[in-house]
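Okay, here's what each chain looks like letter by letter:
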Amino acid sequence: MSTSTELILHHYDFSNYSEKVRLALGYKGLAWRSVTVPPVLPKPDLMPLTGGYRRTPVLQVGADIFCDTRLILVEIERRRPQPALFPPGHRALANAIACWAEQQLFRPVSLYVSGTNADVLPPDLQADRSLMRGLPAPDHATVQRAARRNAPAVRVQLASIEEMLSDGREWIAGAAVTIADFAVYHALWFITGRTDRLRHELAHHRRIDAWMQRMRGFGHGISRPMAAAEALQVAAEATPAPPRASQRFPEDPALGATVRVRADDYGRDPVVGELVFIDAEEIALRRHDEQVGQIVVHFPRLGYDLRAV
Ligand SMILES: N[C@@H](CCC(=O)N[C@@H](CS)C(=O)NCC(=O)O)C(=O)O
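Here we summarise the structure given alongside this text. (Residues numbered from 1 in each chain as written. Predicted model: local features only at pLDDT ≥ 70, side-chain atom pairs only at ≥ 80, totals over all residues. Heavy atoms only, no water.)

### Observations regarding the site of the ligand
Consideration 1: Every one of the 15 residues lining the ligand counts as a neighbour, but Lys43, Arg54, Thr56, Thr69 and Tyr266 are closest to it.
Consideration 2: Contact distances for the ligand include 2.6 Å between an oxygen atom and a side-chain N or O atom of lysine 43.
Consideration 3: Contacts to the ligand include threonine 69, whose side-chain N or O atom sits 2.6 Å from an oxygen atom.
Consideration 4: The protein chains hide 95% of the 500 Å² of surface that the ligand would expose on its own.
Consideration 5: Looking at the shell around the ligand, the elements with two or more residues in it are helix H1 (16-28), helix H3 (69-79) and helix H5 (125-132).
Consideration 6: Per-class residue counts for the shell around the ligand are five nonpolar, four polar and six charged. (Near = heavy atom within 4 Å. Polar contact = N/O pair within 3.5 Å; in protein donor to acceptor, adjacent residues only side chain to side chain. Areas by Shrake-Rupley, 256 points an atom, 1.4 Å probe, with all protein chains shown as cover. Helix = DSSP H or I, 4+ residues; strand = E, 2+ residues; numbered from the N terminus. Nonpolar A, V, L, I, M, F, W, Y, C, P; charged D, E, K, R; others polar.)

Structure, rendered in structure tokens:
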């Protein structure tokens, strides 16, 4: 048994949340291994690691699995503090902006872009995403109507971002790079990530354009491909890192309790395990998997529903 510290990102090319992490790895100048996951279910090589969480991306370090980019970026910062993603004094505001970008900005972007680019995306994508949200699979006309309906919400918010940058600041939350830059960037990256069809929506926003160029300049760090089977092998041979000291609230389940964690928005597949760590930002569960043995799965606290079972 060993404790591997190699960063393994499970992701796919057109995933915008993955782009957020790839760019953060570039910003930090980190080396990482790249495992490509399918963009739709089933994901048989991911499930033994996450215990049911299906969203993309997921970061693996040995037998520790970090779900959700909000926690993945916190974890990357813990391992490589500089340059900072959460500079002192900016954290709360940057997190609030990131929350807006991912809760309010990205959904209309996603519907507008996916509908416009339906012909160059996997044919089963719309049905998979609707199912993930508990909705029936849409027909082509429904997807087109959703794209049209959401275009104005994209334009209105692009104008807001241009205004955020209008005082000449280099970064979204002010003079320093923060998590807000990565959260806003990945939503806008999705607009032209697959085709240039919607470039006109961005083209006349001069400040957004210059800021996106600065962001792209971070690059993706140094990555080397890894087969999914090898990532499973790494997990099987590693031991989860010992949990840090927890800081529970009185209302939280006790350490050692069997708990269920699931996203509170979409892709709400539950993960069940033993609570081994909890603090203001993170929840970690230990599970046993037939294929890979003992695994600890980590989630952010906010955005996830935690309860004892
Ligand atoms: N809050 C999550 C959202 C992740 C997310 O929605 N990712 C999309 C891909 S960009 C996804 O999971 N789609 C379904 C899938 O890949 O199975 C995060 O920050 O990681």
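That was the structure; now back to the text.
### Overview of the side chain of glutamine 157
Consideration 1: Looking at where glutamine 157 falls in the secondary structure, it is placed in helix H6 (residues 140-164).
Consideration 2: The class for glutamine 157 is buried, based on a relative accessible area of 9%.
Consideration 3: If near-sequence neighbours (up to four positions away) are discounted, glutamine 157 is found in contact with Trp100, Gln104, Leu105 and Pro108. (Buried < 20%, exposed > 50% of the residue type's maximum accessible area, 1.4 Å probe, protein only. Contact = heavy atoms within 4.5 Å.)

### Structural notes on the pattern of salt bridges
Consideration 1: All chains considered together, the criterion is met by 25 salt bridges.
Consideration 2: A salt bridge links aspartate 305 to arginine 307; the nearest nitrogen and oxygen atoms lie 3.2 Å apart. (Salt bridge = Lys/Arg side-chain N within 4 Å of Asp/Glu carboxyl O.)

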